[in-house]
Structures are given as C-alpha cells and as structure tokens.
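# Structural features, examined
Listed below, chain by chain, are the residues.
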Amino acid sequence: MTRVLVLNSGSSSVKYRLFDGRRTLARGLVERIGEDGGDAADHAAALRRIMESVDLDGLAVVGHRVVHGGTEFDSATLIDDDVAAVIERLIPLAPLHNPAALSGITVARKLLPEVAQVAVFDTAFHRTIEPAGITYAMDAALAERWGVRRYGMHGTSHAYVSRRTAALLGLAPEAANIITLHLGNGASACAVRGGRSVATSMGMAPQQGLVMGTRSGDIDPTVIFHLHRAAGMPVDEIEHSLTRAAGLLGLTGDNDMRAVQRRRQQGDPAAGLAFDVYCRRIKEYVGAYLAVLGRADAIAFTAGVGENSPEVRAAALSGLDGLGIAVDRHRNEQIAPNERGEQVVSPDGSPTAICVVPTDEELEIAQQSVAALGAGQSAR
Ligand code: AMP
C-alpha cells in the first residue's frame, strides 16, 4: 500500500490526513495560524508540527489541495519549480485561496525534499466543459487578457461523488448522467455526463451560483457598481460583504444551516426566507442541468447540508414529480445508509434516483496524487 499525506492549507488553518491506501492512519487540524494563542506562528510552523506528530515512514507522496488551477491544469500534477511558479501566477484569480496552498507547498517541499509532491486542483474536473458553458458574454479580448471565464470549483468532490453515485446505482460511469449538489459551507452544483463535468455553478471564483454559508452566489453584477456609487463603499468592502457577510449569514446572522432550520421551525421569518432562497436556487440549477443533460439518472446530495438535511433535500426537489423527480419521505427522514453512509432516498422505480452520497475530498486527493505519481514515474 502507498502512504499519502494530504494537506489542505487555508489562510489560517491546515487540515491534514495520512492515508495507507484507503485507510486513514492519522488526521487533524492546525488552526488559527498566526493569531495570538493560535496553534502555530505561521504555515512553516504548522507543517513542522504536523510532520512531527505523524509517522512519515514510507511516505510516497504529499497531495496538496489547490483551489485554482486556471486553464493550465486539467489533472493532478507533480509539483516542480515550474508548476509552483504557475500556481503563484494564478494568485490574482484566487487571492483568498491560492496563497495558502502555495505556502503549504513551499514549506512541504523544503521539509520533505525527497518526497514527491502533487497539486490536486479544485478546477481540474471542470476543464471538460465545452466553451459555451464557460464563456461569459462580455468583451472577448478583455476576458482573454485577464483570464475572465468560468473555471468552476469543488471538482474533487463532484468527481468523487458522481463516481460513487454511479457505483451505488450499479450504473456504468461512462453511461450515467448525474447532477451532483455539493452543499457545504461553500456550495456548488455540477452536471456530469459519462464521468465528465459538462456544467457547474461556480464561476471564475467560488462566488457564483448557489447560496452559501457566507457567500451570495448569483447576484446581478450591477449590485457592485451600485454599492460603490450610491453607498460609497470601496471595492474591498463590497468584496468582503459579498464573500464573508452574505449568503445564509447575510440573510439571518447565522451561517450554519442547522441554526437557520431551528429558527425557521420557531417561526423566524428571516430564517424562513433564507431557507426558501437557498432551496429555490438549488431547484433552479437542477432544472437548468436537467436541460443541459437531457435526462438525469441521479441527483446526488453531498457535504454538510446535503448529507444531513432532509428538509433541504425535500424542499429543493419539491414539485418536480412531473419530471420524474421525487423524494421518498420515509427514506429521506429515516436514513438507513450502507457502510459508506450512502443511500437512495427516492421511491423504487423513479426515473431519476435521488441519492445521499457523503463526499471524501481527501481520499480523492490521495488517490489522484498516487495516480499522478505513477504517471510521472512512467513518463520518466
Ligand atoms: P461542510 O462545509 O461540508 O463541512 O458543511 C458545513 C455546513 O453543513 C455547516 O455550516 C452546516 O450549515 C451544515 N450542516 C452540518 N450538519 C447539518 C445538519 N444536521 N443539518 C443541516 N445542516 C447541517
């Protein structure tokens, strides 16, 4: 078996998980990096701490989660100086996300110079979307010059969940049409045809599409001009508002769907509206992606909200019986999952199966890292 260390470096935290094949040997989180009383002074100290606490004997590869791979990367890639330089060059496209990944990569390469390092990009799975699905209808030269287009994110999750969904239903992946709904703190939808992404809701950045914990999802871009001109807000302040103080948080003061649902049940109108906005947006994307795919064998719910909220699953797909889409009330509420936590929650014989499929981005990163290592070695 191959040992793999997966690192997910955020701006103030590093999540890690050590695998031996599919088995998890160790996992943890170093938090509040750089803060007073935090776990570590900087990313270098955080990684040193991780490496001291886990047994790195026999480690074959380190897999790094990188949010933005631009147009340069369509699969997991062995990291050398050139690859690291491209990730750095992509920082303007993902200023909130890529710098942390890059510092994780820099420090890990320094601390483990003998071990192969692989970058696994959130954008890579969506490189199969045709031009019409990724092009914004704007000044083409301007868009080209500045890399403005849809890239899409959560690719490792959509790839993993769509594959698992096909397996759960006994469908050949190359013949299956699946809509995956990743509903966590960040949220996105993806249409997958034959194992390839053909549409996704996130855009140039993880901001477009569904309503999220603190991000707005779709808004008219005019909102930004209006807030700048009429409210006199500087661009940074508008960005902060729409990325950190919007979504469920903006509508209710709570970014956690559990709290929103509790308040909704108690009759809180703001929480009721937020829940409705959240679920309606999902429904609109499901309708759009049904049209893109022509037919869907399955709709799969994943991540914190998707896996744990029967209310959201039922509300997001309500009223779609005419399209062959229905949630079985009993199955949806009384989860009886398989050993991986997966379950079909639609009635038997539905044209479109509704599934709950827990995501495992770290396992997917580990597996893609091993594959990239193998491909790199055979290319040498
Ligand atoms: P993730 O980013 O996948 O870890 O998802 C985190 C989000 O999942 C949290 O912010 C919650 O809003 C949501 N969540 C977790 N458990 C539940 C639950 N039982 N019901 C509704 N939402 C949940």
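Residues numbered from 1 in each chain as written. Predicted model: local features only at pLDDT ≥ 70, side-chain atom pairs only at ≥ 80, totals over all residues. Heavy atoms only, no water.

The protein chain is annotated in an unreviewed UniProt entry as Acetate kinase of Mangrovihabitans endophyticus. Comment text from UniProt for the protein chain, heading Sequence similarities (unreviewed entry), reads "Belongs to the acetokinase family." According to UniProt, the comment filed for the protein chain under the heading Function (unreviewed entry) is "Catalyzes the formation of acetyl phosphate from acetate and ATP. Can also catalyze the reverse reaction." (UniProt positions renumbered as here; feature names shortened; annotations may be inferred.)

### Concerning the sheet that holds strand 12 (residues 353-356)
Read from one edge of the open sheet, six strands run 9-8-7-10-12-11, paired in mixed fashion. For this open sheet the edge positions go to strand 9 (196-200) and strand 11 (343-344), each flanked by a neighbour on one side alone. The sheet contact formed by strand 7 (residues 177-183) and strand 8 (residues 187-193) spans seven bridges and is antiparallel. Bridge pairing in strand 8 places Thr180 opposite Cys190. On top of the sheet, helix 6 (residues 155-169) reaches strand 7, strand 8, strand 9, strand 10 (298-302), strand 11 and strand 12; it is set at about 130° to strand 7, its chief contact. (Pairing = 2+ DSSP bridges. Helix = DSSP H or I, 4+ residues; strand = E, 2+ residues; numbered from the N terminus. Contact = heavy atoms within 4.5 Å. Axes fitted to C-alpha atoms, helices over the stretch in contact; angles between N-to-C directions.)

### Let's talk about the nonpolar core
Ranked by internal contacts, the top residues of the largest apolar core, which has 55 residues, are Leu183 and Tyr278. Ranked by residue count, the leading element in this core is helix 11 (residues 269-293), at eleven residues. Among all residues touching Leu183, those that are not within four sequence positions of it are Leu210, Tyr278, Ile282, Phe301, Thr302, Ala303, Gly304, Val305, Gly306 and Val312. Counting residues in each nonpolar core, the second largest holds 22 residues, with Val6, Val61, Ala166 and Val357 among its members. (Core = buried A, V, L, I, M, F, W, Y, C linked by side-chain atoms within 4.5 Å. Buried < 20%, exposed > 50% of the residue type's maximum accessible area, 1.4 Å probe, protein only.)

### Considerations on helix 10 (residues 257-265)
Residues three or four positions apart in an α-helix share a direction because the helix packs 3.6 residues into each turn. Along helix 10, the positions that sit buried rather than exposed are Met257, Ala259, Val260 and Gln261. Check the buried side of helix 10 and you find it contacts helix 9 (247-252), helix 11, helix 12 (303-308) and helix 13 (310-316). Where helix 10 begins, the side chain of Asp256 points an oxygen toward the backbone nitrogen of Arg258, at a separation of 2.8 Å. Gly267 lies just past helix 10 and shows a positive phi near 95°. (Polar contact = N/O pair within 3.5 Å; in protein donor to acceptor, adjacent residues only side chain to side chain.)

### Some remarks on unusual backbone geometry
For Arg32, which is not a glycine, the phi torsion comes out positive at approximately 50°. Tracing the chain through its elements places Arg32 in the loop between strand 3 (23-30) and helix 1 (43-53). One non-glycine residue, His154, lies in the positive phi region at around 60°. Among the structural elements, His154 can be located in the loop between helix 5 (140-146) and helix 6.

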